Structures are given as C-alpha cells and as structure tokens.
Amino acid sequence: MCRSLFCMLLSIVFASAVSADDFNRTKLPIRQAPFKGKIGLTPAESVKDFPAEVKAPEGAPNVLIILTDDVGFGASSTFGGPIPTPTFDRLANSGLRYNQFHTTALCSPTRAALITGRNHHHVSTGGIMEIGVGYPGYNTVVRKSCGTIGQILKYNGYNTAWFGKNHNVPDWQTSQAGPFDLWPVGLGFEYFYGFVGGDTSQWSPAIVENTRPVEPPTDDPDYNFDEDMANRAINWIRMQNAVAPDKPFFCYYATGTAHAPHHAPKEWIEKFDGQFDQGWDKVREQTLARQKQARVVPEGTKLTKRSKGIRAWDDLNDKEKEVYAHMMEVYAGALSHADHQFGKIIDAIDEMGELDNTLVIYIQGDNGASAEGSPNGLLNEMTFFNNIEVPFEEVYKRKDDLGGPKTFNHYPIGWAHAMDTPFQWTKQVASHFGGTRNGMVISWPKKIKDAGKVCSQFHHVIDITPTILEATGVPSPDSIDGVTQEPMDGVSLAYTWEDTKAKSKRTTQYFEMFANRAIYDNGWVACTTPTTPPWVSVAEAVDVINGYDWELYNIEDDFSESENLAEKHPDKLKELQRLFYIEAVKFDVLPLDNSKVERLDISNRPSLTEGRNKFVYYEGMTRIPEGSAPDLKNKSFGISALVDIPEEGAEGLLMTQGGRFAGVGLYVLDNKPVFVYNLCDVERYRVEGKEPLKPGKHAIALDFKYDGGGLAKGGTATLSVDGEVVATTEFPQTIGYRMSLDETLDIGEDTGTPVSEDYKVPFKFTGEIEKVTIQITNHELTDEQLKQYREQQAKAALSR
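Calculation notes
- Residues numbered from 1 in each chain as written.
- Predicted model: local features only at pLDDT ≥ 70, side-chain atom pairs only at ≥ 80, totals over all residues.
- Heavy atoms only, no water.
- Helix = DSSP H or I, 4+ residues; strand = E, 2+ residues; numbered from the N terminus.
- Rg over C-alpha atoms; globule rule 2.2 N^0.38 Å.
- Buried < 20%, exposed > 50% of the residue type's maximum accessible area, 1.4 Å probe, protein only.
- Contact = heavy atoms within 4.5 Å.
- Areas by Shrake-Rupley, 256 points an atom, 1.4 Å probe, with all protein chains shown as cover.
- Pairing = 2+ DSSP bridges.
- Patch = residues over 30% accessible without salt bridge, like charges linked within 9 Å, V, L, I, M, F, W, Y side chains within 5 Å.
- Salt bridge = Lys/Arg side-chain N within 4 Å of Asp/Glu carboxyl O.
- Lys, Arg positive; Asp, Glu negative; His and termini not counted.
- Charge placed at Lys NZ, Arg CZ, Asp CG, Glu CD.
- Phe/Tyr/Trp six-rings, centres within 6.5 Å; stacked < 30°, edge-to-face > 60°.
- Core = buried A, V, L, I, M, F, W, Y, C linked by side-chain atoms within 4.5 Å.

Visitor: For this particular structure, what's the right way to read the overall build of the protein chain?
Guide: For the protein chain, the count of helices and strands is 16 helices and 31 strands. In summary, the protein chain has a C-alpha radius of gyration of 28 Å against a globular reference of 28 Å for 800 residues, a match within 12%. Each principal axis of the C-alpha distribution contributes one length, and for the protein chain these read about 90 × 85 × 50 Å. By the burial criterion, 63% of the 800 residues in the protein chain qualify as buried. In the protein chain, the share of contacts with a sequence separation of at least 24, taken over all contacts with a separation of at least 6, comes to 75%. Carbon together with sulfur atoms contributes 50% to the accessible area of the protein chain, which is approximately 30,100 Å² in total.

In structure tokens:
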C-alpha cells in the first residue's frame, strides 16, 4: 500500500472518531475522549494527543458538607440556643440560615437521603441499619439505580472524601468480610476516615480508614477523635489543593458529636459551669426569647407543652438538679468543641484562598435531640440497654467523670426536649418537628450576596444533592456504571440565593418513622399523635392504621405546631391523610409498622452467624463487630486458647468482646490465666488461676455454664489449663441484651477500652497463640423471654 493511500485511510478513520460525542455528563463514568491527534507511518508524520482527563465544569465550587449528630433546632446559638457555635454563626453571617429545613427523625435514613437526593424509603432505608427487613423501603440495601453525590462528583472531576460517621452499611456487611460496595469507598468517596456504626467514643474510637480498621494512639492522654478527624480533613484538603489546585474537592464531614456518648475535653466542659442551673424548663423559655430576637422564629411563636413523662425541673431535688445540670454542661462542651473543629477546617480553606468559592452546607443535626438517655440520664448507656439499675448516689459520686473516658454517658430526656425548642417531641418522632426540624446554614460568598438573612422556605434533606448539582453545574445523570438512574425526589435550594423571600419550590413532603407519620402540603401539616414515647422501646399495641389519633396544624400561622386544628377542619385533615397514603405508595413507605423489637431480630435479614455454634479465630484478628461475632448472651459457652508460653513467661490478651462498659475477656496477667466478666461497669466477676503457667504449649479454657430460667441470669465459670480445673466462680448475673455499642471481638490484643482496669490496651499477648475457639450452646427461651430480649436489643439499636 502506498504511503499516500495509507495516510488517507487513517485520516478518514480518525475524522469519524473525532465527530463522536465524547463528553456526556449524563452517562457516568464519562467516556474517554477519542484520539484527536494524527497517526502516520512514523512519529515524524504523526501528532500526539493524550486522552483528556475529565474536569469539573468551569468555575465549579469546592463543596463541604458539615453534619452534626442528635442536635435539635434549639441547641445552637445560631438558632437562638444556649450553646455557642461560632463557626455556625460565622457561616450564617456569610450565608443564609434556613429555619424550615427538615430531616427524617433518625440517623441512617437522614444520611441515606442526604447523599442520594431521594426519600429514605425510596433508597430502602426506612429505619436504621440494625432493623432492616425484607421490604423494598426497609431492606437497607440502597439500589444501584439510586447513585450518590459522591459518585456523581467523582465522575465529574472532583476529589471526594468522607470523614466521620457512616451508619449506612447494611448490618450484616459491616465486618472485614465486606462486601464493600455500600461502604463510602464503594459509593464514590475516594477516601474515608471515620466509623461505620451508629456511635463511637471520642477517646477510644472504632476508626476505619477506607475499609481497614485502624487504632487511635494508646499513649496520648490528650487524644480526641473530633480533633484527629478535623486534622485529617484539613490535611486531605490541603493535599488536594497543593497537588491539583485547579481541581475542586468535595468533603463530607459528619462528626459523631453530639450523639451519646457525650465526650469533651475537660476544659471545654468547664466553660459551661453553672450555665444550666436554671433547668430545662427555664432554658426553653430563654431559648424561645432569643429565637424571636434573632428572627429565626416568627414573633408570635408559642412554646409547646412539655411532653408527658418529662418531669418539671422544679420537682427535682437539689442533688438531681446538680447532676442533670452538669450532664447538660457536658453536652454543651461536646457540641461547642466540635464546632471549634469545624472552624479549623474553614480557616484552612480560607488560608488557601478557596473559601470564596467553597459551597459550605452546615446541617445542625441529623434529627432532633435524642431522648434515649432515660428520664434520669446515664453514666453508661449499657446499663440502660441491659436493664441494670445504677443507684442515683453512684451517679452523683461519679458526676465528675462525665464526658471523660470512664463514661459512656447521656443526658436526661428533659434536656432533649429543651434542645428542640420550641417544638414538641424529639428524635425518632417523625410526626412532629421536634424530631425533624433542624437548623441549616448555606454559605457560598462568591454566589450568595444577600448574606445574613433567614430563609423560611420549607425544605428537606433530600434537597441537598440537587442543590449541589445546580451549584456545580453538573446534571443529574441518566446512568451510573451502566445502571439507569431513578429520578431524584429533591429540589434545589439555589433559587433562595437570589431571592431569600421566594415562594418555596417544595410544596409537599411526607414523614414516617415507626408509623409516626406526617404530611406537609402548602403550609398545612397533618400528623399522627405518638402512642409511645421514644424513651420506651416497646410500642403500644395499637392498630397501625386506625389506632392513631391525627393532629392538624397550619404552620403558616403556627410555626411550632402548638394549636391542633383537627376538630375545626376535619375535611382538610381527611384530604391530607389521603395525600399521605398516596405518597406512601409512591415512595415504598408501606407496609406501615410501629414495631421496633421485632424488626431487630437478625432472622429478618442475612447473617454471618446464624446457624453456627463453633467459631475459630487466630492471633491478630480484631475489630469483629458484635453482629458478626458469636453471641455469648443467655447461654452456655466455652472459650479455648491454644498458646505457647516462652521461658520468661507471658502476659496479654487472648480473647475479648466488649470493653470498659460491658464485655468479657480471657487473658494472661503476670503469667497467670484470668477471665473477667464485666457487668456494665457495675460489677466485674473474676476467675483466675493461682499458679504461673509453665513454659511450653498449653490449652487455656473458660467454660461458662448458664443457669437458664430466663434472661440475664447467672452461671458458673470454670477456668482450666490443659484440662485441669484451676478456678471456679459463680456469676450471680450476666449481660442479657447487648455487649457493646462500638467495641468488638479481638484476638491476641485489645482494641478500644480494656474489659478490666488491671491492664492497658492494646495488651498484646507476648507468647504465641495457635488459635482461639469459641463454642456456644443455645438455651431455649420462652416466648416471653425472647420478647424481653428483643425489647432491650431495640433500645440499644435505636439509640444509634
């Protein structure tokens, strides 16, 4: 073939390729652009052309989402609350406050809705991950047809990262066995540093980096997870800007604060000394006055009544007032400390010269304030979940430990109600604004010129992703990874940046959680009256459709839902009830179910432990979640460790599950075998050998024979070495319902906190472990005992 003919054919081939559609943002990932150079017989006759990298639209902003946890509308200073949040204030001054923004009333559902732009049932997250059941709206497995903002922005030229709380991984997929496609790194976030579950300690957090557990430093007494996380986020943002300054970043920053445990550095707690001595009733009054002054609520807003079950502050005795006021000081210290960390991130972005073109969306709470701390507050949530009474005098004696590493604490329900001022009800209650109304600020100095104003358009967390897409100039994709995408349910808030008084583009929105339900439509709200308060885990036995009373509010005139108009406008109520069920069918809300306990049963969903009674582990296997580990509660079990003791002796952890706040541990201390059963930090039962272990191989075994006869009963623990009994002890009571909220099963070393205070983590075993075997024996429970077990499991799960 002659040179001229060859070149002519090549020009025809590449001319046709260049004419193809090579940059379509509606199909992700964006197809690589065709070769636009020239191919000749030799390099001298050819023209080079690298495939163009995908870039974000010209001028697209950086995006930072800040989301706090369990913070009500009336908590922050930005919305009239008693807790100073200067970073929130700063962003409000450079942006806009939204006083009719809503969440779903619970953690996982809000987070799923936020990152997908779709209603929580639409993305199969009608509840938290631990109560998934096999219905489309509730199975917790987000469909591939409902892609995330992380995927969309990553495929459109953004660097993406997620810091902090996740709680969007299906319950049976949270272990190191995966799968990981529903973890952050599988949802479009190139980097993840945070925790997978519903809560964690600030002092000994269960950290995951991407998909790998990593341990916080054990030798730094000043370590704090919020501070660590902020520093990591700052370093990540700086790295992106230093290496690729023209490439925008998307950072989703979801602290675990102020979810229980309420942890904060002591100096931050001390800032609030005496500031809540007036009590929760007076704080509500003071907050409403400030809210009116700041114009975040209308002048005529009324304070709703205290919910039944919450004691009046004046009915408390002096010691109770002292302790409960301090519990609120701890909460305030935790939230203000977290806000300070957000300020460090904002400062870092500002120092880079990027703040002017950074869209910051700061949402104060994923639901209303939490009323899961019982009427009296808690030193350790595990006592509440395991029905173990802690005398008030013990709480009073240890009040100075609150907020530190020795407590897993929560404030009383009266403070939750106060932090939701001016609304009624709290977290979990989707029917009322106390559960769903959260303050939000959006700041984008380059775009928002009418800064400092309050926007009162009715909006919902599903509107965040569409807002980001409009701001970045990125369309909602038709397909992601070859999967056709379902339409988003949200609408953008960007129109409010041009006109803060514009008519709301969201005219209708349903709410539902545990059959507490509501419907908003053009200024009216119809909602059910809760039959069971959120601090009670067992729902009242009522017909889920006909057993609920309904309320009606005109929130155009009644901001706080203080005047029920159901009797005055029965036709309007019927109209809205019908609309609720239309929306319920549309978004997979049905079947309605007010149960909590029954849905917690793992038989409702896949499980890695169902049907197994023998588990074999090896040295170095750590951070195995309780849901993926053998269940040692209400049954007999055996733990056997095959070890090799060196000539100089050994010590260290063989096996532990749980930690300081509840759990069990088999270990060697001073070359002697020890087993400790930690009954929720109230009692520690101990069985230990008196003689040191001789050098060589040994089988160290703990056999526990459960007494039976119900839940949380006692039993006999027998410790043996090489088949010879070395100690036997009676345990009068055991843990009946939950070992831990954030700690795990570990082999060969201890992560998190120690199960006993006679060692410090990680307490790695200094000998060799061949393997550890756990054998369990199920005891048949009566139907009533099984019901009690599930009730307490529900308490633990729903707090997350």
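Visitor: How should the sheet that holds strand 30 (residues 744–747) be read in this particular structure?
Guide: Pairing between the strands of a sheet is mediated by backbone hydrogen bonds and can be parallel or antiparallel. Here we have six strands laid out as an open sheet, ordered 21-30-23-24-25-26, and antiparallel in their pairing. Two strands close off the open sheet at either side, each with one partner strand: strand 21 (624–625) and strand 26 (683–688). Bridging between strand 21 and strand 30 involves two bridges; their strand directions are antiparallel. Looking across to strand 30, one finds that Pro625 is bridged to Thr744.

Visitor: Mind showing me how you'd approach unusual backbone geometry here?
Guide: Note: most residues except glycine have negative phi, and most peptide bonds are trans. Cis rather than trans, the peptide bond between Leu28 and Pro29 has omega equal to 0 degrees. Relative to the elements of secondary structure, Pro29 occurs in the loop between strand 1 (27–28) and strand 2 (62–67). Residue Pro591 is reached from Leu590 by a cis peptide bond, and omega for that bond is 0 degrees. Examined against the element boundaries, Pro591 turns out to sit in the loop between helix 14 (570–586) and helix 15 (597–600). Positive phi values are uncommon outside glycine, yet Asp722 reaches one of about 55 degrees. Its location among the elements puts Asp722 in the loop between strand 28 (715–721) and strand 29 (724–731). The phi torsion at Phe763 lies on the positive side, around 50 degrees, for a residue other than glycine. A residue is classified by how much of its surface remains accessible, and Phe763, at 11% relative accessible area, is buried.

Visitor: Where do I start with a negative patch on the surface in this structure?
Guide: Together, Asp219, Asp220, Asp222, Glu267, Glu270, Asp273 and Asp277 line one region of the surface with negative charge. Looking at where Glu267 falls in the secondary structure, it is placed in helix 6 (residues 266–270).

Visitor: What should I look at first to understand the pairing of strand 22 (residues 635–645) in this one?
Guide: Moving residue by residue along a regular strand, the side chains alternate between the two faces of the sheet. Extensive coverage of strand 22 is indicated by the burial of eight of its eleven residues. Alignment of strand 22 against strand 27 (residues 696–706), held across nine bridges, turns out to be antiparallel. Paired with Phe637 across the two strands is Phe704, which belongs to strand 27.

Visitor: Just checking my understanding: could you explain the packing of aromatic side chains for this structure?
Guide: Each aromatic ring pair is characterised by the separation of its centres together with the angle its planes make. Under the criterion given, the structure shown has 48 aromatic pairs. Their ring planes at 85 degrees and their centres at 6.1 Å tell us that Trp162 and Phe192 sit as a pair that is edge-to-face. You can see Trp162 sitting in strand 5 (residues 159–165) and its partner Phe192 sitting in strand 6 (residues 191–195), a full 30 residues away along the chain. The two residues Trp162 and Phe192 agree in class, both being buried.

Visitor: What is the right way to read a nonpolar patch on the surface from this model?
Guide: A cluster of nonpolar residues, Val616, Tyr618 and Met621, forms a patch on the protein surface that exposes about 240 Å² of accessible area. Examined against the element boundaries, Tyr618 turns out to sit in the loop between strand 20 (614–617) and strand 21. On the basis of relative accessible area, Tyr618 is assigned to the partly exposed category, the value being 41%.

Visitor: Looking at this model, I keep getting lost on the nonpolar core. Mind explaining?
Guide: One recurring pattern in soluble globular proteins: nonpolar side chains tend to sit buried together. Core analysis: the biggest nonpolar cluster contains 57 residues, and Leu64, Phe163, Tyr193, Trp236, Cys251, Tyr253 and Ile345 have the highest contact counts within it. Among the elements that line this core, the one with the most residues is helix 5 (residues 225–243), at seven residues. Discounting residues that sit within four places of it in the chain, Leu64 has contacts with Cys251, Tyr253, Ile345, Ile346, Ile349, Thr358, Leu359, Val360 and Ile361. The next biggest cluster of nonpolar side chains, apart from the first, holds 54 residues, and it includes Ile65, Val208, Ile363 and Leu469.

Functional significance is not addressed by these values, which are geometric in nature.
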